[in-house]
Every structure is written in structure tokens, then in C-alpha cells.
Amino acid sequence: MKQIIPVASGKGGVGKTTTVANLGISLARKGKTVIMIDLDLGESNLHTVMGIKNIKPGLGHFINKREDSFESLIQETGFERLYLITGDSLFPGAANLPYFQKKKIIKSIRELTADYILLDIGSGSSYNVIDFFLISPENIIVTIPETTALLNAYSFLKNALYRLIYLALPPHSEERDYFNEFSRESIEKGENNLSNLVKVIGSFSEELSGRISHSLTQFSPHVIFNMSLNDDEKFITDKLIKITDKNLGKKIRTAGQIPWVNEMRRSSIIMKPYLQLYENSVYENAMNHLVSYIEENFKFRFN
Ligand SMILES: Nc1ncnc2c1ncn2[C@@H]1O[C@H](COP(=O)(O)OP(=O)(O)OP(=O)(O)O)[C@@H](O)[C@H]1O
Ligand SMILES: [Mg+2]
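Report follows, based on the coordinates. The residue count restarts for each chain, going from 1 along the sequence in the order it is written. Starting at A for chains and at 1 for ligands, labels are handed out in the order in which the entities are written. Thresholds applied to this predicted model are a pLDDT of at least 70 for local features of residues and 80 or more for the giving and counting of side-chain atom pairs; totals over whole chains, interfaces and linings are not thresholded and use all residues. For side-chain calculations, the full set of non-hydrogen atoms in the structure is used, while hydrogens and water are omitted.

## A closer look at the overall build of the chain
Alright, step 1. Helix and strand definitions follow DSSP, with helices as H or I runs of at least four residues and strands as E runs of at least two, each counted in order from the N terminus. For the chain, the count of helices and strands is 13 helices and eight strands.
Alright, step 2. With the radius of gyration taken over C-alpha atoms, the globule rule is written as 2.2 Å times the number of residues to the power 0.38. Relative to the 2.2 N^0.38 estimate, which gives 19 Å for 303 residues, the radius of gyration of the chain is 19 Å and therefore close to what a compact globule would have.
Alright, step 3. Principal axes of the C-alpha set define a box for the chain whose edges measure 55 × 50 × 35 Å.
Alright, step 4. Using a 1.4 Å probe on the protein chains alone, a residue whose accessible area is under 20% of its type maximum counts as buried, one over 50% counts as exposed, and one in between counts as partly exposed. The proportion of buried residues among the 303 residues of the chain is 52%.
Alright, step 5. Residue exposure ignores everything except the shown protein chains as possible cover, and the areas themselves are Shrake-Rupley values with a 1.4 Å probe. Of the roughly 14,600 Å² of accessible surface on the chain, a fraction of 49% belongs to carbon and sulfur atoms.
Alright, step 6. Counted charges follow a simple rule, with Lys and Arg positive, Asp and Glu negative, and His plus the chain ends left uncounted. Where a charge sits is defined by one atom per residue type, namely NZ (Lys), CZ (Arg), CG (Asp) or CD (Glu). For the chain, the separation between the mean place of its 35 positive charges and that of its 34 negative charges on side chains is 1 Å.

As C-alpha cells, this is what we get:
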């Protein structure tokens, strides 16, 4: 039984890759086997944050050279129990992944063996990004306590919920026509909401609306507020939680508040993960809290 944890963000540069790298180290130090996968196709840099040269086959090979074995892409990181599958930075163009390739990658990820599989996903709301985010119903969205980043996080979650529903609807069906009509109206104005949508789908097919309701209930995004400066920022982080609850009917939970640390710049320049350089820091403390949060709150397991 393993846990797959996709890590995404609406806005770029909020710290997904840094968080995945250091969370991976923290989980491995707690005795867990962890595979980190760089799914930020087109912008892969998890290997650089880990201080690993990009010379072994990664996802780019799997996509372009039709490397058959996904497992053979797993490489060591120098940390016990912590492994990495690099992205595609040696192969331009992989960001525009055809649908069948995306399905193949998703299937291959589900077949891996580890305690935790952490997915560093790109930012934005393209279908590739959202479909990787939806690999697991329990996932992490990283943001920073700034209005633009929070609004992008909200839009990302809205797009993810819409995509979740859309993918469940049969192609060329009345349900899909209704969904397309629904999507043209604003849900922010309060006239439209997702539970009404599910009700109307129920009038076409009860079984389908039951399945969608179940997926919506199961969908549990957790949010990390990175680069946090002080507790006064709580008012702005609470805003994200409130608007997602009000407009999307989704109570997202805070997985952690990770402090801004000046020394992250040095970690990035000398290409060594923060936790390898600094011990007993506030950052390490926050990462350990995040590990405990995940152990206590993430329930979904894959076989
Ligand atoms: N807690 C932190 N304190 C200070 N700096 C941080 C922190 N977390 C990340 N950074 C810095 O912020 C920058 C962006 O981080 P990172 O590359 O991890 O973001 P990202 O979300 O993966 O970006 P992208 O969307 O481009 O993939 C980097 O320079 C990183 O060193
Ligand atoms: Mg990144």
C-alpha cells in the first residue's frame, strides 16, 4: 500500500520543487521509502534542487525514446531510501504531452512500489497539470500568502473540480452538453453551484451523479502556505479557505505553514537541499510538522 501525493500550484515560483525535495528528505529520514517524480514537463528542475546531474534517463526518455521500463528510470539521490525520477529537460517539447502518453505515465506511476510517491507538478491549469494533480484524490496545493498566488490557487482548485466532473461524463452525452452550459455561467455570483449541477446530472443518470458525488467528496486538497513571514498573515490564508468553501463547497485544510528562510538562496546557489545544509532550523521544524500532518491526515492508499 502506498500514498501518491501530487504537489501543484496555481502560480509559478511558490516553492513546489523546494517543498517536494525537502519533504522527501524528511520522510526518508523518518524511515519511509520515497520516490520523487519530476512531472513539471518543460521546466523540470527537481534534480538541480537535489544537486543531481541530469545524465541518466528520465521522463523525457520514456516519452521520446519509448523507454519501456518506467521502473528503470528510478535513480538514487545520495539519501538513504529517497529516490528520484527526473523530468524531461534534455528533450524539448514534452510539455505538450499527447493524451495516450499521459495515461501511460499515470498508469506507470500507480504501479511503482514505495511508501510515498511525491509528484512535483507544473503550475497553471493546463489539462496535463490538472490530470497529474487528480492522480490522487488527496493532494497538496502550494501557495504563498499573497493575493495573486491565493487567487491562482483558488482558480486552480476550481479548474480541477470541473475537470473531475467533466472526465466522468460520457462523451457526446446530454450530461456533457448540460455541463458545458453550466460552465459558461459564473459560480462566483452564487446562482450556480456544484451540488445543483450534480442534482441535474442525477435527473439524466442517478448512477452517474452518485459516482460524481462520491469523487467530489473524496477529493481532499490540502494547502501549504510557503514563504510565510509571520502569524499576521493568517487573515489572508483564511481567505482562500473561505472562498473555496463558499464557491466550490470544498473545505480545504492547511497542511502546513512553512517559513521564509533567507538561507534558501545559498541552498539554491550551491545546489544542495536546505535540509542537507542546515540542522535544527525553523524550516526543518516545519517540514517535520508537515510529515506528522501527512501521517495523521492523508488516508487514501493505492495498492
Ligand atoms: N521557504 C522558502 N524560503 C525562502 N525561499 C524559498 C522558500 N521556498 C522556496 N524558496 C525559493 O523560491 C524560489 C522558487 O522555488 P521553487 O523553484 O521551489 O518554486 P516552484 O513552485 O517549484 O517554481 P516553478 O513554478 O517554476 O516550478 C526558489 O528560488 C527557492 O529557492
Ligand atoms: Mg518547480
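## Some words on the pattern of salt bridges
Alright, step 1. Each salt bridge in this description consists of a side-chain nitrogen of Lys or Arg and a carboxyl oxygen of Asp or Glu lying within 4 Å of one another. According to the stated counting rule, one finds eight salt bridges in the structure shown.
Alright, step 2. Note that Arg163 is salt-bridged to Asp131, the shortest N-O span being 2.7 Å. You can see Arg163 sitting in helix H6 (residues 147–168) and its partner Asp131 sitting in helix H5 (residues 127–133), a full 32 residues away along the chain.
Alright, step 3. Taking the relative accessible area as the measure of exposure, Arg163 reaches 9% and is therefore buried.
Alright, step 4. Its relative accessible area of 7% is what places Asp131 among the buried residues.
Alright, step 5. We note a salt bridge from Asp238 to Lys234, for which the minimum N-O separation is 3.1 Å.

## What to know about the sheet that holds strand S8 (residues 253–259)
Alright, step 1. Strand pairing is defined by DSSP finding a minimum of two bridges between the two strands. Strand order in this open sheet of eight strands is S3-S4-S2-S5-S1-S6-S7-S8, and the pairing throughout is mixed. The sheet is open, and its two borders are formed by strand S3 (75–76) and S8, each paired with just one other strand.
Alright, step 2. The pairing of strand S2 (residues 34–39) with strand S5 (residues 116–123) spans six bridges and is classified as parallel. Directly across from Ile37, in S5, lies its bridge partner Leu119.
Alright, step 3. With respect to the sheet, helix H4 (residues 99–111) is in contact with strand S1 (3–9), S2 and S5, its orientation differing from that of S2 by roughly 170°.
Alright, step 4. H6 contacts S1, strand S6 (138–143) and strand S7 (220–228) of the sheet and is inclined by roughly 155° relative to S6. Working rule for contacts: check all heavy atoms of both residues, and any pair within 4.5 Å makes them a contact. Angles shown run from 0 to 180 degrees and are taken between the N-to-C directions of axes, each axis being a line fitted to C-alpha atoms and, for helices, limited to the stretch in contact.

## What to know about the site of ligand 1
Alright, step 1. Residues are counted as near a molecule or strand when any one of their heavy atoms sits within 4 Å of it. Near ligand 1 lie 16 residues; those nearest to it are Gly13, Gly15, Lys16, Thr17 and Thr18.
Alright, step 2. In protein, a polar contact means a hydrogen-donor-capable atom and an acceptor-capable atom, both N or O and within 3.5 Å, with residues adjacent in sequence counting only if both atoms are side-chain atoms; elsewhere, any N or O pair within 3.5 Å suffices. A distance of 3.0 Å is found between a nitrogen atom of ligand 1 and a side-chain nitrogen or oxygen belonging to Asn226.
Alright, step 3. For ligand 1, a nitrogen atom lies 2.9 Å from a polar atom in the backbone of Pro259.
Alright, step 4. Considering ligand 1 on its own, with 630 Å² of exposed area, one finds that the protein chains cover 79% of that surface.
Alright, step 5. Among the elements of the structure, helix H1 (16–29) and S7 are those that each provide at least two residues to the shell around ligand 1.
Alright, step 6. Sort the elements by how many residues they give to the shell around ligand 1 and H1 lands first, with three residues.
Alright, step 7. When grouped by side-chain class, the residues that make up the shell around ligand 1 number seven nonpolar, seven polar and two charged. Residues are grouped as follows: nonpolar covers Ala, Val, Leu, Ile, Met, Phe, Trp, Tyr, Cys and Pro; charged covers Asp, Glu, Lys and Arg; every other residue, Gly included, is treated as polar.

## Observations concerning unusual backbone geometry
Alright, step 1. The phi angle at His172 is positive, at roughly 50°, despite the residue not being glycine.
Alright, step 2. Inspection of the secondary structure assignment puts His172 in the loop between H6 and helix H7 (174–184).
Alright, step 3. According to the relative accessible area criterion, His172 is exposed, its value standing at 84%.
Alright, step 4. The phi torsion at Asn280 lies on the positive side, around 55°, for a residue other than glycine.

## Describing a negative patch on the surface
Alright, step 1. Residues forming no salt bridge and having over 30% relative accessible area are the ones grouped into patches, like charges within 9 Å of each other and nonpolar side chains (Val, Leu, Ile, Met, Phe, Trp, Tyr) within 5 Å. Together, Glu174, Asp177, Glu181, Glu185 and Glu191 give the surface a local cluster of negative charge.
Alright, step 2. Since its relative accessible area comes to 55%, Glu174 is described here as exposed.

## Description of the pairing of S1
Alright, step 1. The buried fraction of S1 amounts to seven of the seven residues, a majority that puts the element mostly inside the structure.
Alright, step 2. Both faces of S1 are covered, namely the face carrying Gln3, Ile5, Val7 and Ser9 and the face carrying Ile4, Pro6 and Ala8.
Alright, step 3. In terms of strand pairing, S1 meets S5 through six bridges, oriented parallel. The residue bridging Ile4 from the neighbouring strand is Ile117, located in S5.
Alright, step 4. One ladder, built from two bridges, connects S1 with S6; its direction is parallel. By the bridge assignment, Val7 is partnered in S6 with Ile140.

## Let's talk about the packing of aromatic side chains
Alright, step 1. For Phe, Tyr and Trp, rings pair up if their centres lie within 6.5 Å, where Trp contributes its six-membered ring, and each pair is then called stacked (planes under 30 degrees apart), edge-to-face (over 60) or tilted (otherwise). Applying the stated criterion to the full structure yields eleven aromatic pairs.
Alright, step 2. An angle of 80° between the planes, with centres 4.9 Å apart, marks the rings of Phe133 and Phe156 as edge-to-face. Here the residue Phe133 occupies a position in helix H5, and Phe156 occupies one in helix H6, the gap between them amounting to 23 residues. For the pair Phe133 and Phe156, a shared accessibility class is recorded, and that class is buried.
Alright, step 3. Ring centres of Phe300 and Phe302 lie 5.1 Å apart, and the angle between their planes is 75°; this geometry places the pair in the edge-to-face category.
Alright, step 4. You can call Phe300 partly exposed: its relative accessible area is 27%.
Alright, step 5. What links up through ring pairs into an aromatic cluster is the set Tyr162, Tyr166, Phe179 and Phe182.

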